[in-house]
Amino acid sequence: MTVDAHHHVWDLSVRDQGWIGGDSPLRRDFGLADLAPEARAAGVDRTVLVQTVTVAEETPELLALAAAHDLVAGVVGWTDLTRPDVADELARLRELPGGHHLKGVRHQVQSEADPDWLLRPDVGRGLAAVADAGLVYDLVVLPHQLPACVRAAARHPGLTFVLDHLGKPPVASGAREPWESDLRALAALPNTAAKLSGLVTEADPAGWTPEELRPYADAALEAFGPHRLMFGSDWPVCTLAASYGEVLAAARTVTGGLGAAERTEVFEATAARLYHL
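Residues numbered from 1 in each chain as written. Predicted model: local features only at pLDDT ≥ 70, side-chain atom pairs only at ≥ 80, totals over all residues. Heavy atoms only, no water.

**Student:** Before we go on, may I ask you to explain the nonpolar core in this structure?
**Tutor:** One recurring pattern in soluble globular proteins is that nonpolar side chains are buried together. Counting residues in each nonpolar core, the largest one holds 80 residues, and the members touching the most others are L81, Y137 and L213. With eight residues, the single largest contributor to this core is helix 7 (residues 210–224). Sequence-distant contacts of L213, that is, excluding residues within four places in its chain, are made with V171, L199, V200, A203, W208, A250 and V254. (Core = buried A, V, L, I, M, F, W, Y, C linked by side-chain atoms within 4.5 Å. Buried < 20%, exposed > 50% of the residue type's maximum accessible area, 1.4 Å probe, protein only. Helix = DSSP H or I, 4+ residues; strand = E, 2+ residues; numbered from the N terminus. Contact = heavy atoms within 4.5 Å.)

**Student:** How should the side chain of T79 be read in this particular structure?
**Tutor:** Structurally, the position occupied by T79 is in the loop between strand 3 (72–77) and helix 3 (86–95). If sequence neighbours within four positions are ignored, T79 has contacts with V86, E89, L90 and V105.

**Student:** I tried to follow helix 5 (residues 146–155) on my own but got confused; where do I start?
**Tutor:** Structural remark: α-helix, 3.6 residues per turn; residues separated by three or four positions point the same way. Taken residue by residue, helix 5 has L146, A148, C149, V150, A152 and A153 as its buried positions. Packing partners of the buried residues in helix 5 comprise strand 5 (136–139), strand 6 (161–163), helix 6 (179–187) and strand 7 (192–196).

**Student:** I'm lost on a negative patch on the surface in this one. Help?
**Tutor:** Together, D11, D29, D34 and E38 give the surface a local cluster of negative charge. Structurally, D11 is set in the loop between strand 1 (2–7) and helix 1 (32–41). Looking at D11, the relative accessible area reads 33%, which means it is partly exposed. (Patch = residues over 30% accessible without salt bridge, like charges linked within 9 Å, V, L, I, M, F, W, Y side chains within 5 Å. Areas by Shrake-Rupley, 256 points an atom, 1.4 Å probe, with all protein chains shown as cover. Salt bridge = Lys/Arg side-chain N within 4 Å of Asp/Glu carboxyl O. Lys, Arg positive; Asp, Glu negative; His and termini not counted. Charge placed at Lys NZ, Arg CZ, Asp CG, Glu CD.)

**Student:** Help me understand the packing of aromatic side chains in this model?
**Tutor:** Two descriptors summarise a pair of aromatic rings, namely the distance from one centre to the other and the angle between the planes of the rings. Under the defined criterion, the tally for this structure stands at six aromatic pairs. Relative to W19, the ring of W10 has its centre 5.3 Å away and its plane inclined at 90 degrees; by these criteria the two rings are edge-to-face. Judged by its relative accessible area of 4%, W10 is buried. Put simply, the rings of W10, W19, F30 and W235 touch in pairs and so form one group of aromatic residues. If you follow R28 out to its NZ or CZ, it ends over the ring of F30, 3.9 Å from the centre. Directly above the ring of F267 sits R252, whose terminal nitrogen or CZ lies 4.4 Å from the centroid. (Phe/Tyr/Trp six-rings, centres within 6.5 Å; stacked < 30°, edge-to-face > 60°. Lys NZ or Arg CZ within 6 Å of the ring centre and 35° of its normal.)

**Student:** Looking at this model, I keep getting lost on the environment of R155. Mind explaining?
**Tutor:** Tracing the backbone through its elements, the reader meets R155 in helix 5. Spatially, the C-alpha atoms of R155 and T209 are 38 Å apart, while their sequence positions differ by 54 residues.

**Student:** Can you help me understand the environment of V247 in this one?
**Tutor:** Looking at where V247 falls in the secondary structure, it is placed in helix 8 (residues 244–254). Spatially, the C-alpha atom of V247 lies 8.6 Å from that of S197, the residues being 50 residues apart in sequence. Beyond its immediate stretch of four places on either side in the chain, V247 contacts V200, F231, S233, C238 and A242.

**Student:** Help me understand the environment of V105, please; the structure alone is not making it clear to me.
**Tutor:** Structurally, V105 is set in strand 4 (residues 102–107). Residues V105 and T79 lie 26 residues apart in sequence; the distance between their C-alpha atoms is 7.1 Å. Residue contacts for V105: discarding those within four places in its chain leaves V76, G77, T79, L81, L90, V130, L135, V136, Y137 and D138.

Here is the structure:
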């Protein structure tokens, strides 16, 4: 079976998603009832549900969804890493309904103006609390922020950092540097992993092909190895460029040179191990 290590849901009647443009096809509700048939049809039996907004109320909602739906095996939520009582807040979240599904924390670092946001002392204290709680930290960053990710991961060797969407490489332009060098620097640290996700929306959404994605997937496979790389659909964001099935098929195409055991790592075992699913 397959684990989808990265997807989202949202209900606009509960909370606006301010990052979605007014005329975007994403400006509607996307729920587990929409995802589940597509995921099951693709052979996906477990998923990791990931936060979308920096609002404290969202994480309890995601945990409750995980408790109510057997498809969701883990949640990467959000909390303010700079709050002085972040350790207590993480403990509180774990006591909520579905709290045992909390596997990691994420912040929208890509939206921070400071490229060294991860290196701030107050953020560092929060990252230490995430490590002490036995949780993973997901990195959603842009390529120019990768050097700070490297330094943060080196400062916190006891915390596993998971790079979402391979750090959003410039697939549409075909450029690979300095993204690839920075990716390799991050992968050189043993407490890091990455998600083979989000590439179709970094390519030309109207005309991408798996071959355009392959150089970036190959770089990640060489840098991290299959045991530290995991598939994620990035649904429903991926629907801007591809269906759920097309994203999974593309991931299988660009990893087609792997052996059976290595493919199991990318499509199941890495996510299950790192997120304790």
